[in-house]
Amino acid sequence: MRILILSSVAAAVLGTAAIAAPLSREAGVRMIAQRHAGYEQLGKAMRAAKQSIDKGDVVTTRATANQITALAARAPTWFPAGSGPEAGKTHAKALVWQQRADFDAKMKDLGSASRLFQAAAAGGDLDAIKAAHGKLGQTCGACHRQYREEH
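Residues numbered from 1 in each chain as written. Predicted model: local features only at pLDDT ≥ 70, side-chain atom pairs only at ≥ 80, totals over all residues. Heavy atoms only, no water.

1. Focus on the nonpolar core
- Among the nonpolar cores identified, the biggest contains 28 residues, and Ile 68, Phe 79, Phe 103, Met 107, Leu 110, Phe 117 and Leu 136 are the most heavily contacted of them.
- Among the elements that take part in this core, helix α5 (residues 100-123) stands out by supplying seven residues, more than any other.
- With residues near it in sequence (within four places) discarded, Phe 103 still touches Phe 79, Val 96, Cys 143 and Tyr 147. (Core = buried A, V, L, I, M, F, W, Y, C linked by side-chain atoms within 4.5 Å. Buried < 20%, exposed > 50% of the residue type's maximum accessible area, 1.4 Å probe, protein only. Helix = DSSP H or I, 4+ residues; strand = E, 2+ residues; numbered from the N terminus. Contact = heavy atoms within 4.5 Å.)

2. Digging into the packing of aromatic side chains
- Applying the stated criterion across every chain, the model contains five aromatic pairs.
- Ring plane angle 85° and centroid distance 5.3 Å describe the contact between Phe 103 and Tyr 147, whose orientation is recorded as edge-to-face. Of this pair, Phe 103 sits in helix α5 while Tyr 147 sits in helix α6 (residues 126-147), and the two are 44 residues apart along the sequence. Accessibility classification places Phe 103 together with Tyr 147 in one group, the buried group.
- Among the aromatic residues, those joined into a ring-pair cluster are Tyr 39, Trp 78, Phe 79, Trp 97, Phe 103 and Tyr 147. (Phe/Tyr/Trp six-rings, centres within 6.5 Å; stacked < 30°, edge-to-face > 60°.)

3. Some details on the pattern of salt bridges
- Following the criterion strictly, the structure yields three salt bridges and no others.
- Note that Lys 50 and Asp 54 form a salt bridge whose closest N and O atoms lie 2.8 Å from each other. Of this pair, Lys 50 and Asp 54 both sit in helix α2 (residues 25-55), four residues apart, which is roughly one turn of that helix.
- Judged by relative accessible area, which is 41%, Lys 50 ranks as partly exposed. (Salt bridge = Lys/Arg side-chain N within 4 Å of Asp/Glu carboxyl O.)

The structure is reproduced here in structure tokens:
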């Protein structure tokens, strides 16, 4: 029993160390590409949501809200150590990794705002949807202003 517990603890510690370890340069470059692709999808979904809101198309808005929420849930995983400017061309500032606690809080805010938008879209009230989409946009902007290079 002790061996099982000790091996479980060791596996947990080693697993955490593997997650915290910086990526190789090649893996960092791949992560930058994955992050870029994810944010391209997120941007397209945000624009599609805005267009569907402007048309009063709640059905399409629901679909895009679901997509946004799924992408927002994955976004925090797109910034492992070793995937910053040291790995290659990226719009992510080095501050992401230097001010990690604040950045992680902003990622959490993104998840919360996306879920509120999703809930508003599910409810079908266009005014609530507009307000939640606006709040989501403000949440994105707060992170962009601090942690994203202009391009």
